[in-house]
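Secondary and tertiary structure notes
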Amino acid sequence: MTISVVFFAAAREVTGCDRLELSLADAATIADVKRELRDLYPDLESVLKNSMWSINCDYAVERDTIPTGAEVGLILPVSGG
């Protein structure tokens, strides 16, 4: 199956793109996406540790299954005051 991964802020800087198409096995999870991104972008590791995820604009956790054609967002923590 093919999905789109959307990058923001530091993740965009590390990957050099704001969107990436990934081919994954059917019934892949967010954990599978994380593994694939670690393989493609080893420098992304520190960003992945503290990130949240979304599937089609709904928050997701590592065990959530991703439907074919979904948009997966890598959401970074935000700080400020």
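See the structure shown above.
Within every chain, residues take consecutive numbers counted from 1 along the sequence as written. Restriction of local features to residues with pLDDT of at least 70 applies here, the model being predicted, together with a cutoff of 80 or more for giving and counting side-chain atom pairs; totals for whole chains, interfaces and linings are based on all residues. Side-chain measures here rest on the full set of heavy atoms in the structure, leaving out hydrogens and waters.

Topic: the overall build of the protein chain
Across its full length, the protein chain carries three helices and five strands. To qualify as a helix, a DSSP run of H or I must reach at least 4 residues; to qualify as a strand, a run of E must reach at least 2; elements of each kind are numbered from the N terminus. Listed by position from the N terminus, the elements making up the protein chain come as β-α-β-α-α-β-β-β. C-alpha atoms define the radius of gyration, and 2.2 Å times the number of residues to the power 0.38 defines the globule rule. Whereas a compact globule of 81 residues would reach a radius of gyration of roughly 12 Å, the protein chain reaches 12 Å, a difference of no more than 12%. On the principal axes, the C-alpha backbone points of the protein chain span a range of 40 × 25 × 20 Å. Within the protein chain, buried positions represent 42% of all 81 residues. Considering only intrachain contacts with a sequence separation of at least 6, the fraction spanning at least 24 residues in the protein chain is 49%. Surface accessibility of the protein chain: about 4,800 Å² in total, with carbon and sulfur atoms responsible for 49%. Within this scheme the basic residues Lys and Arg register as positive and the acidic residues Asp and Glu register as negative, but His and the chain ends are omitted. Note on charges: their place is set at NZ of Lys, CZ of Arg, CG of Asp or CD of Glu. Side chains of the protein chain give 7 positive and 13 negative charges; the mean places of these two sets differ by 5 Å. Working definition: with a 1.4 Å probe on protein chains only, accessible area under 20% of the residue-type maximum means buried, over 50% means exposed, and in between means partly exposed. Contact between two residues is taken to exist if any of their heavy atoms lie within 4.5 Å; hydrogens are not considered. Here the accessible surface of atoms and residues is derived via Shrake-Rupley with a 1.4 Å probe, and residues count as covered only by protein chains that are part of the display.

So, unusual backbone geometry
Even without glycine at this site, Ala9 takes up a positive phi of about 50°. Looking at the secondary structure, you find Ala9 in helix α1 (residues 9-15). Phi is positive for Ala27, which is not a glycine, with a value near 65°. Inspection of the secondary structure assignment puts Ala27 in the loop between β2 (19-23) and α2 (30-40).

Digging into the nonpolar core
In this description, a nonpolar core means a group of buried Ala, Val, Leu, Ile, Met, Phe, Trp, Tyr and Cys residues linked to one another through side-chain atoms lying within 4.5 Å. Among the nonpolar cores identified, the biggest contains 25 residues, and Ile3, Phe7, Val33, Leu37, Trp53 and Ile66 are the most heavily contacted of them. If you list the elements that add at least two residues to this core, you get β1 (2-6), β2, α2, α3 (45-49), β3 (52-55) and β5 (71-75). The element best represented in this core is α2, accounting for three residues.

By themselves, these figures tell us nothing about what the structure is for.
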